[in-house]
Amino acid sequence: MIKSKILKEQWKAVEFDFEFTNKTRFEISNLGNFRSFNKVSDGRILNGSLTEGYKVIRLKLYKPRDEKDQIIFDELKTEISELYKLRRLKKQHHSTAESIQFTTNHIEKKKAQLSKKLARNLKKRTINHHFMVHRLVATYFLPPPEQGQTIVGHLNYNKLDNTASNLRWMSQEENTLHQSKNPKVIEEKKWRKYNPKPRANGMKLTSTQVIHIKLLLRRNKPSKQIAKQFGISEMQVWRIKSGENWSSVKIPD
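**Side note on the packing of helix 2 (residues 67–92) against helix 3 (residues 97–125)**
Two numbers describe how helix 2 lies on helix 3: the axes approach to 10 Å, and their chain directions differ by 160 degrees. Taken together, the axis directions place helix 2 and helix 3 in an arrangement best described as roughly antiparallel. Our pair here, helix 2 against helix 3, has a crossing hand that is left-handed. Considering only residue class, the contact of helix 2 with helix 3 consists of eleven nonpolar, six polar and ten charged.

Structure representation (structure tokens):
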């Protein structure tokens, strides 16, 4: 079964809308796999990470070096090279140890200067590029979206199933309708109906919540548990129970 799936896997080269100097190329497959090729890896699969349940690939790429910066680096490298030549000549001509050490110190100073400049330049050229795998698969393996279709939906509601056959371009309205049929969404709505979120301090109960509280009291549910569920004090529960508060709200016998 696994062998059959591998045989059907198709790969396409990923293109970027910017230039970078990394000697790496990337490919995406119709099964939702992403791989990289460079001098140390020949098609290594990148697992990526998860963001809100979606698989995300994060890449660190580097823009080409600015021509002015390159001139500065070349000049520094030339200076260092000349200093090395000078030190060799001093050693050949048996110059004093102090003179040789002076040149060595000068070399180390220039090398440190070059290293700092290279580090700052690398940081300036860094491109932290990331993308969601399901959108990349849709871009390369699905027909182009129609106007207004900006969302890529998972037909089986599984965000980790990024096979092309499980994806579809959708408009906001289409996605809302699709998600309304999601079994997990339906189950969560049912859960929320009977498990209201704790209210912010100072917020008043609604008549619907009071009816629910009175029904729970009728079933002899502990006041402490009700108070925690609705984000109120046990005293408030007692006042509802005694009729001191919300006496106008009646529940069927």
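**Focus: unusual backbone geometry**
Of all residues except glycine, most have a negative phi; of all peptide bonds, most are trans. Backbone geometry places Glu52, a non-glycine residue, at a positive phi of 55 degrees. Along the chain, Glu52 falls in the loop between strand 5 (49–51) and strand 6 (54–62). Positive phi values are uncommon outside glycine, yet His94 reaches one of about 55 degrees. Tracing the backbone shows His94 in the loop between helix 2 and helix 3. According to the relative accessible area criterion, His94 is exposed, its value standing at 71%.

**Quick notes on the nonpolar core**
Counting residues in each nonpolar core, the largest one holds 23 residues, and the members touching the most others are Val14, Phe26, Ile28, Phe34 and Leu59. Mapped onto this core, the elements with two or more residues apiece are strand 2 (25–29), strand 6, strand 7 (126–132), helix 4 (133–141) and strand 9 (167–170). With six residues, helix 4 is the largest single contributor of residues to this core. Aside from chain neighbours lying at most four places away, what touches Phe26 is Lys12, Ala13, Val14, Phe16, Phe20, Phe34, Arg35, Ser36, Leu46, Leu59 and Leu61. Membership of the second largest hydrophobic core comes to twelve residues, among which are Leu205, Ala227, Ile240 and Val249.

**Structural notes on the confidence of the model for the chain**
Looking at the chain, the pLDDT average stands at 87 and 92% of residues meet or exceed 70. For the stretch residues 1–6, pLDDT sits under 50, and the model shows one contact to residues farther than four places along the chain or on other chains.

**Some details on the environment of Asn182**
By secondary structure assignment, the location of Asn182 is in the loop between helix 5 (172–180) and helix 6 (183–194). A C-alpha to C-alpha distance of 8.4 Å links Asn182 and Asn156, two positions 26 residues apart in sequence. There is a polar contact of 3.0 Å between the side chain of Asn182 and the backbone nitrogen of Lys184.

**Some remarks on helix 7 (residues 207–218)**
In this model, helix 7 (twelve residues) spans 16 Å end to end at C-alpha, consistent with the 16 Å of a helix rising 1.5 Å per residue. All of the buried residues along helix 7 are Gln209, Val210, His212, Ile213, Lys214, Leu216 and Leu217. A positive phi of about 65 degrees marks Asn220, the residue just after helix 7.

**Some words on the sheet that holds strand 1 (residues 11–13)**
Sheet strands associate in pairs through backbone hydrogen bonding, adopting either a parallel or an antiparallel arrangement. Taken together, the four strands give an open sheet; going across it, the order is 1-2-3-4, and neighbouring strands pair in antiparallel fashion. Pairing within the sheet leaves two strands with one partner each, and these edge strands are strand 1 and strand 4 (42–45). Strand-to-strand, the axes of this sheet are offset by a mean angle of 30 degrees, without reference to chain direction. Inspection of the sheet shows strand 2 paired to strand 3 (residues 34–37) by four bridges, in the antiparallel sense. Note that in strand 3 the partner of Glu27 across the bridge is Arg35. Against the sheet, helix 4 touches strand 1, strand 2 and strand 3, its axis set at about 85 degrees to strand 2.

Cut-offs used in this document
- Residues numbered from 1 in each chain as written.
- Predicted model: local features only at pLDDT ≥ 70, side-chain atom pairs only at ≥ 80, totals over all residues.
- Heavy atoms only, no water.
- Axes fitted to C-alpha atoms, helices over the stretch in contact; angles between N-to-C directions.
- Helix = DSSP H or I, 4+ residues; strand = E, 2+ residues; numbered from the N terminus.
- Parallel < 35°, antiparallel > 145°, perpendicular 65-115°, else oblique.
- Left-handed = near helix turned anticlockwise from the far one by under 90°.
- Nonpolar A, V, L, I, M, F, W, Y, C, P; charged D, E, K, R; others polar.
- Buried < 20%, exposed > 50% of the residue type's maximum accessible area, 1.4 Å probe, protein only.
- Core = buried A, V, L, I, M, F, W, Y, C linked by side-chain atoms within 4.5 Å.
- Contact = heavy atoms within 4.5 Å.
- pLDDT = per-residue confidence, 0-100.
- Polar contact = N/O pair within 3.5 Å; in protein donor to acceptor, adjacent residues only side chain to side chain.
- Expected span 1.5 Å × (residues − 1).
- Pairing = 2+ DSSP bridges.

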